[in-house]
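The lines below spell out each chain.
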Amino acid sequence: MTLLHLASVTRTVLPPDQPALTILNGVDLDVEEDDRISVVGRSGSGKSTLLNLLGLLDTPTSGVLEFAGKPVKQYSSRERDRVRGREIGFVFQQFNLLPGRTALENVIMPLLYAEGRQFWRRRAIAAEMLEEVGLGHRLESLPDRLSGGEQQRVAIARSLVRGPRLILADEPTGALDLDTGQSVMELIDEVATRTRAALVVITHDPAIAERSRDHYRLDHGVLTRAEAS
Amino acid sequence: MTRLLTGLLGAVLEAWQELRIHRTRVLLSLIGVAVAVASLTTVVALGGILQQTTAEQSERQSGRPATLYVSAYGADGGQVDAEALQSAWVETVARYGIDYASRVVNAGVAVDSPNGVLSVGTQAVDQPYGEMHRVRISEGSWFTPVDAEQLAPRVIVNSVFWERLGRPALDGHPLLSLGGHGGTGATTAVIVGVYPSAEWETEPAMFMLADQLAAFQQADAGAGAAVDPFAGSSVQYELWVPTGDWEALAAAVKRDLAAAVGDGATVDVMRQDAAQYGDDPFLVTQMIVGGIALLVLLLGALGLVNIALVTVKQRVREIGIRRSFGATAGRVFFAVMMESVVATVAAGAVGVAAAILVVQSPMVHDLVGQGLVTDFPPFPVDAAVLGLVAASAVGALAGILPALVAVRVKVIDAIRY
């Protein structure tokens, strides 16, 4: 099933007193269930904007963007937020754990926006998720007491705790050393495979991009398919 | 419905977590709010208690609503026939089924005491007077209907008098010798109760039943010596009637009494209780102090807005993260506002608790009540509710600006940079 469908997607911004600036130009991309996609690009190539669109945080200026077969423009802003919370999990470069909250509270956070069983059983679900990423013994640790690798594991547990169908990883190993980065990527791969979630990794690290099955390159707003090296 | 419930609960949980993490900052910013709520609640509560105190005091003076004073005078402005007036009074009270009616006679009665003969200011009344004027009894009890039938007069003395008599135990039926000035009708009265003296009262005083005073006065003056049963003291007549139809009743009593006394007599029936004016003497003070408390509350709110705005700017990344995990703009707005509301409600609760401690303290009771309030009212619920509502309102107002800033956060920019 096609989760994301982008056809001729363009995103333009209007800087004050300047002509329109095209950030993304004619982007075509399909993300299927269980896909492993990497997008490589330099700074300023439009990676953030692409991430905004893929994560339903923004809508295209022109072209078609569909999530699960429905054009994103047909969703209200609130619906997009709800779909994002339910279907998409983010893993960030800087982990972005909430300071002052324990590992468990960080993983509980997305469940506060859920309903039904996920909301009422949030503590047990979050603890189970942390157990799965090997941090069952660090539930009550604050982020500043965790190593970089552990912090990223908490972030992975947080992004997967609602069982998303799409995982968007934005430079997930950018702040980690080589070995830790590899083990974190293995963990993401493993969990994505187990949950049959699609994984889109945006990175500038060829070694990380290598792990994916489909490779794309973003250059000056143009997305092209690239062969694995 | 479920979505609403989980949304609301989730927002409160988020807000609480945020407050827990930043408790020092929050505590400092909330001191002003707590103080303002405490003063606002105290002012309103004290206002209520002062009102009750004033009402009780004025009821003791001029009767409970509606108390009618009846007076009669002859065609030439002189006295009317006392006996005719008395029988007309009895008939009229019975005709209209008025349960609370009393004569009031002020007289000086000579009393033998351990310190010699005293002239004791005596208020002679009928039995219902105690209820009509909320007479507070500290020892023993007010006159009962049976007391009126006793041959030995019953008296209720004030605490100054009781002290001077050596605080005799009332269950021993202490006696008082009346008419100690050498009159012929010296008699022995029984003390059945003690009422507290006001702080400014230093002299002995007492209550007696009007009929017993009349009998004693007549006997004291000697058989056939005086026709006036109250020995020249003026008699006042009082009625306590329902406030709803007092005017109609007053007109009927006036008409009936005038007709019964006859001989061109004029009868006046006037309402005398303080409640008829409907003024609250403490309203202005209460409004001024309440206004100041409101200003303090607003200043507290401004401080809160200031801190919340700075904090929200520092929390842009956190808000971006929450948005990326499914928090809607509405949810972020509500959660940020709830932080302010949860905090101020907590501060409000502390403020209200402090106000209750202050207002219910024995020291404040003594200060406000001056020892004269029988039914010291409990802490007014409306004052507590007002305090909490004011705190919540301030929280909501102070939360709106930071909440608006929070929903304008650009998610990915907030996260990546």
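Please read all numbers here as calculations on a predicted model, not as lab measurements.

Help me out: how do you make sense of the UniProt feature "transmembrane region" (unreviewed entry) in chain B in this one?
All names here are of chain B. Look at the UniProt record and you will see "transmembrane region" (unreviewed entry) annotated at residues 27-50, 287-312, 332-359 and 379-407. Across residues 27-50, the secondary structure splits into 100% helix and 0% strand, with the terminal C-alpha atoms separated by 33 Å. With 100% helix and 0% strand, residues 332-359 has end C-alpha atoms that lie 40 Å from one another.

Is there a simple way to think about the pairing of strand S6 (residues 175-178) of chain B in this case?
Regular strands place their side chains on alternate faces of the sheet. Residues and elements named next belong to chain B. Judged by which residues are buried, S6 turns out to be one-sided: Leu176 and Leu178 face inward and are buried, whereas Leu175 and Ser177, on the alternate face, are not. The pairing of strand S2 (residues 100-113) with S6 spans two bridges and is antiparallel. Each residue of the ladder has a partner; that of Val111, found in S6, is Leu178. As judged from the four bridges shared by S6 and strand S7 (residues 187-195), these two strands associate in the antiparallel manner. By the bridge assignment for S7, Leu176 is matched with Ala189.

Looking at this model, I keep getting lost on the confidence of the model for chain A. Mind explaining?
Detailed conclusions should not be drawn from predicted coordinates in areas where pLDDT is low. The predicted model of chain A averages 88 in pLDDT, with 99% of residues at 70 or higher. Mean pLDDT values for the elements of chain A range from 83 in helix H8 (residues 206-210) of chain A up to 94 in helix H3 (residues 103-108) of chain A.

How do you make sense of unusual backbone geometry when you look at a structure like this?
Most peptide bonds adopt trans geometry, and most residues besides glycine take a negative phi value. Residues and elements named next belong to chain B. Here Pro65 and Ala66 are connected by a cis peptide whose omega angle stands at -10°. If you trace the backbone, Ala66 turns up in the loop between helix H2 (23-62) and strand S1 (67-73). Within the chain, Arg167 stands out as a residue other than glycine whose phi angle is a positive 50°. Within the secondary structure, Arg167 is located in the loop between helix H5 (159-164) and S6. Note on Arg167: relative accessible area 46%, which makes it partly exposed. Even without glycine at this site, His173 takes up a positive phi of about 50°.

When you look at the packing of aromatic side chains in this model, what are you seeing that I'm missing?
Aromatic rings considered in pairs are described by the distance between their centres and by the relative angle of their planes. Across all of its chains, the model carries 10 aromatic pairs over all chains by this definition. Ring geometry for Trp89 of chain B and Tyr237 of chain B: centres 4.7 Å apart, planes at 50°, overall tilted. One end of the pair, Trp89 of chain B, is in helix H3 (residues 82-95); the other, Tyr237 of chain B, is in strand S9 (residues 235-240), with 148 residues separating them in the sequence. Tyr237 of chain B shares its class with Trp89 of chain B; the two are buried. Across the ring face of Tyr75 of chain A, the terminal group of Lys70 of chain A is positioned such that the distance to the ring centre comes to 4.5 Å. Above the plane of the ring of Phe119 of chain A lies Arg122 of chain A, whose end atom (NZ or CZ) is 4.6 Å from the centre.

Explain the sheet that holds strand S10 (residues 222-226) of chain A to me, please; I cannot follow it from the model alone.
Backbone hydrogen bonds are what pair the strands of a sheet, in a parallel or an antiparallel way. All names here are of chain A. As summarised here, the arrangement of the six strands in space is S6-S7-S8-S3-S9-S10, forming an open sheet in which the pairing is mixed. Whereas interior strands pair on both sides, the edge strands pair on one side only; in this sheet they are strand S6 (88-91) and S10. Here the strands of the sheet are splayed against their neighbours by 20° on average, with no regard to which way each runs. Bridging between strand S9 (residues 214-219) and S10 involves five bridges; their strand directions are antiparallel.

Looking at this structure, how should I read empty space enclosed by the protein?
The method is simple in principle: a probe with the dimensions of a water molecule rolls over the atoms, and the space it marks as empty is what remains. A complete count under the given rule lists three cavities of 30 Å³ or more for this structure. There is about 170 Å³ of room inside the largest cavity. Around the largest cavity sit 16 residues that line it, and Leu19, Arg25, Ala308, Glu339 and Ser340 of chain B are the ones nearest its centre. Contributing elements (two or more residues each) for the lining of the largest cavity: H2, helix H8 (283-314) and helix H10 (329-359) of chain B. The element contributing the most residues to the lining of the largest cavity is H8 of chain B, with five residues. Classifying every residue of the lining of the largest cavity gives 10 nonpolar, three polar and three charged. Of the pockets and cavities examined, the second largest cavity occupies roughly 70 Å³. As for the second largest cavity, its lining consists of Arg101 of chain A together with Glu14, Ala15, Glu18, Arg315, Glu318, Ile319, Arg322, Val332, Ala335, Val336 and Glu339 of chain B.

How each quantity is defined
- Residues numbered from 1 in each chain as written.
- Chains lettered and ligands numbered in written order.
- Predicted model: local features only at pLDDT ≥ 70, side-chain atom pairs only at ≥ 80, totals over all residues.
- Heavy atoms only, no water.
- UniProt positions renumbered as here; feature names shortened; annotations may be inferred.
- Helix = DSSP H or I, 4+ residues; strand = E, 2+ residues; numbered from the N terminus.
- Buried < 20%, exposed > 50% of the residue type's maximum accessible area, 1.4 Å probe, protein only.
- Pairing = 2+ DSSP bridges.
- pLDDT = per-residue confidence, 0-100.
- Phe/Tyr/Trp six-rings, centres within 6.5 Å; stacked < 30°, edge-to-face > 60°.
- Lys NZ or Arg CZ within 6 Å of the ring centre and 35° of its normal.
- Axes fitted to C-alpha atoms, helices over the stretch in contact; angles between N-to-C directions.
- 1 Å grid on protein atoms, 1.4 Å probe; cavity = no way out; pocket = protein on both sides within 12 Å on 5 of 7 lines; lining within 4 Å.
- Points joined across faces, edges and corners; volume = space filled by probe spheres on them.
- Nonpolar A, V, L, I, M, F, W, Y, C, P; charged D, E, K, R; others polar.

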